[in-house]
Each structure stands twice: as C-alpha cells, then as structure tokens.
Amino acid sequence: MKPEEFRCQISVRDRSTGKILMAFSVDEFAADDVRDTITANWRKDSAAVALNITLGRSISECEVLVLAAGQWRRLAFPSNELAKVRQRNNEEGGKSQDYLVFENWLPGGVKLTYQGNKGSVEDIECRIVSGAVP
C-alpha cells in the first residue's frame, strides 16, 4: 500500500461559503478500518473543537483546534509534561498502549485523560492561553 493510503485529511470549513479555514493530516489512519475513528467535541461557543483520534486498538490521540484572532490553530500541548505523564503510566516491556483522550471543556481550558500500559488513568488539565508557549 502507498503511504498516503494511511493518512486522513481533516479540514475545518466555513459552513456558509464552503471555504477551508484550516486543514491538517492524520498519519497512520486507515479509513476502511472500523477501529480508526475520529470524534469531534465542540465547545458551546463553537470557537474550539477537540478531536479524539483512535488509531487501531491501542492508540488514541487528541487534537484541540481553537479559533484565535480570526484563524483556526492547533493547540500545542506541553511536550515535556506529556512525556512525564507517559513515563509514569507505562512499564518498559509492557504491551503497547497509549490513550490521550479529551474528557471535557473547562473554564479557560480543557481536561484530558491519559492511560498507558499500567492500566491507571491520569487526569490532565490544560489552560488555553493566547500566544503562550507550551
């Protein structure tokens, strides 16, 4: 199979004009596999959406898109902090399992959960700050 066969294009469109406002690819996504899914969780004001992306049986990712200064942007999670969460919740040599999932919207932020191969679930709360570096 060609590499592009395992990629999904996500786009945010203006409903009234059909214009694409933002687009990005999700790698390793097989649209014909029922285990690969994408679920959208819109914030009440429609200025943000969290996407839970399930890739097969043991991997899920979360992308948060935010409307800021008239443009849709991907929210950057703090990679160093996420690495620490992953390290706490995984045993070396254990089965491959990596679930980062949107749970709900918080005032000024988002609540995620993470589950690695140890089986415990850790809550993660992130603030959405304009112009901030993760």
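So, here is what we can say about the structure in this document. (Residues numbered from 1 in each chain as written. Predicted model: local features only at pLDDT ≥ 70, side-chain atom pairs only at ≥ 80, totals over all residues. Heavy atoms only, no water.)

### As for the overall build of the chain
Where we set the bar: The helix and strand labels rest on DSSP assignments: H or I over at least four residues marks a helix, E over at least two residues marks a strand, and numbering proceeds from the N terminus. A radius of gyration in this sense is built from C-alpha atoms; the matching globule rule multiplies 2.2 Å by the number of residues raised to 0.38. For the exposure calls, accessible area comes from a 1.4 Å probe over protein chains only, and a residue counts as buried if that area is under 20% of its type's maximum, exposed if over 50%, partly exposed in between. Every residue pair with non-hydrogen atoms within 4.5 Å of one another is taken to be in contact. Under the convention used here, a 1.4 Å probe and the Shrake-Rupley method define accessible areas, while residue burial counts only the protein chains that appear.
Each helix and strand in the chain was counted, giving one helix and nine strands. Each helix and strand of the chain, ordered N terminal to C terminal, gives the series β-β-β-β-β-β-α-β-β-β. Rg of the C-alpha trace for the chain: 16 Å, near the compact-globule value of 14 Å for 134 residues, within the 12% margin. Expressed as lengths along the three principal axes of its C-alpha atoms, the size of the chain is roughly 50 × 40 × 25 Å. Counting every position in the chain, which comprises 134 residues, the buried fraction comes to 33%. Long-range pairs, those at least 24 residues apart, make up 35% of the contacts in the chain with a sequence separation of at least 6. Working note: accessible area of the chain is about 8800 Å², and carbon and sulfur atoms make up 48% of it.

### Notes on the pattern of salt bridges
Just so we agree on the cut-off: Within this document, salt bridges are pairs made up of a side-chain nitrogen of Lys or Arg and a carboxyl oxygen of Asp or Glu, the two lying within 4 Å of each other.
A complete count under the given rule lists six salt bridges for this structure. Note that glutamate 81 and lysine 84 form a salt bridge whose closest N and O atoms lie 3.3 Å from each other. Highlighted residues: glutamate 81 and lysine 84, both in helix α1 (residues 79–88), separated by three residues, approximately one helical turn. For glutamate 81, a relative accessible area of 43% translates into the label partly exposed. Lysine 111 is paired through a salt bridge with aspartate 123; the nearest N and O atoms lie 3.7 Å apart. Here lysine 111 is found in strand β8 (residues 109–115), whereas its partner aspartate 123 is found in strand β9 (residues 121–127), with twelve residues between them in sequence. Look at lysine 111 and you get partly exposed, because its relative accessible area is 22%.

### Digging into the packing of aromatic side chains
Cut-off, in case you're wondering: In summary, the pairing rule links any two rings of Phe, Tyr or Trp, Trp by its six-membered ring, whose centres are within 6.5 Å, and it sorts them by plane angle into stacked for under 30 degrees, edge-to-face for over 60 and tilted for everything else. Definition used: whenever NZ (Lys) or CZ (Arg) falls within 6 Å of the ring centre and also within 35 degrees of the ring normal, the charge is taken to sit over that ring.
Under the defined criterion, the tally for this structure stands at two aromatic pairs. Ring geometry for tryptophan 42 versus tryptophan 72: centroids 5.9 Å apart, planes at 90°, classification edge-to-face. On the criterion of sequence distance, the pair formed by tryptophan 42 in strand β3 (residues 37–42) and tryptophan 72 in strand β6 (residues 71–74) is long-range, its members being 30 residues apart. For tryptophan 42, a relative accessible area of 46% gives the class partly exposed. When its relative accessible area of 12% is taken as the criterion, tryptophan 72 is described as buried. Pairing phenylalanine 102 with tryptophan 105 gives two aromatic rings, centres 5.1 Å apart and planes at 55°, and the pair type is tilted. Tryptophan 105 matches phenylalanine 102 in its accessibility class, with the two residues each being buried. Here arginine 43 stacks its cationic end above the ring of tryptophan 105, 5.8 Å away from the centre of that ring. Cation over ring: arginine 74 sits above phenylalanine 24, and NZ or CZ is 4.1 Å from the ring centre.

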